[in-house]
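# Geometric and topological summary
Given next are the chains, with one letter for each unit.
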Amino acid sequence: MKYDVDDFEADVINLSYTIPVLVDFWAEWCGPCKTLGPILEKLADKHAGEWSLRKVDTEKFTTIATQYRITSIPNVKLFVDGVVADEFSGALPEPAIIKW
């Protein structure tokens, strides 16, 4: 499954009107991001159809990162109906993510 965002408006905002979209803001150099990413991908596969995962490389999409005030990564935001409904920062363990 492809999680990387090519077009934020289509891949996140528009899709979030149909299904909740969890966005993982990350960067290649970020160690905690490399820990969190596979956990989110596993959960996304397990919950396919309930919500969708998209990954935004903050080095590639600097304007989007600035727009959503990403000051530290990993940063995860849940989009519903085009807006951020909830979020968390840091590499949480899988049980904490499930509870969140």
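The present account deals with the structure reproduced in this document. Keep in mind that what you see is a predicted model, and the values were worked out from it rather than measured.

Quick look at the sheet that holds strand β1 (residues 21-26) now. Sheets are built from strands paired through backbone hydrogen bonds, the pairs being either parallel or antiparallel. Here 4 strands make up an open sheet; going across it, the order is β2-β1-β3-β4 and the pairing mixed. In this open sheet, the two strands that pair with only one neighbour each are β2 (52-57) and β4 (83-89). Neighbour to neighbour, the strand axes of the sheet diverge by 25 degrees on average, direction disregarded. Sheet topology places strand β3 (residues 75-80) next to β4; 6 bridges connect them, and they run antiparallel. Counterpart to F79 in the pairing with β4 is V84.

A few words on the pairing of β2. Of all 6 residues making up β2, 6 are buried, and the element is well covered by its neighbours. Side chains of β2 alternate between two faces, with S52, R54 and V56 and L53, K55 and D57 buried alike. In this structure, β1 lies alongside β2, joined through 6 bridges in parallel fashion. The partner of V21 across the bridge, within β2, is S52.

Moving on to the packing of aromatic side chains. In total, this model carries 5 aromatic pairs according to the counting rule given. Where F8 meets F79, the ring centres are 5.8 Å apart and the plane angle is 80 degrees; that geometry is what we call edge-to-face. Pair noted here: F8 is in helix α1 (residues 8-14) and F79 is in strand β3, with a separation of 71 residues, a long-range link. For the ring pair F88 and W100, a centre distance of 4.8 Å and an interplane angle of 75 degrees mean the geometry is edge-to-face. Taken as a pair, F88 in strand β4 and W100 in the segment after α4 (94-99) lie far apart in primary sequence, 12 residues in all. The class for F88 is buried, based on a relative accessible area of 8%.

The linkage connecting I73 with the following residue, P74, adopts the cis geometry, with an omega of 5 degrees. Within the chain, R69 stands out as a residue other than glycine whose phi angle is a positive 55 degrees. A relative accessible area of 69% places R69 in the exposed class. One non-glycine residue, D81, adopts positive backbone phi at about 55 degrees.

Cut-offs used in this document
- Residues numbered from 1 in each chain as written.
- Predicted model: local features only at pLDDT ≥ 70, side-chain atom pairs only at ≥ 80, totals over all residues.
- Heavy atoms only, no water.
- Pairing = 2+ DSSP bridges.
- Helix = DSSP H or I, 4+ residues; strand = E, 2+ residues; numbered from the N terminus.
- Axes fitted to C-alpha atoms, helices over the stretch in contact; angles between N-to-C directions.
- Buried < 20%, exposed > 50% of the residue type's maximum accessible area, 1.4 Å probe, protein only.
- Phe/Tyr/Trp six-rings, centres within 6.5 Å; stacked < 30°, edge-to-face > 60°.

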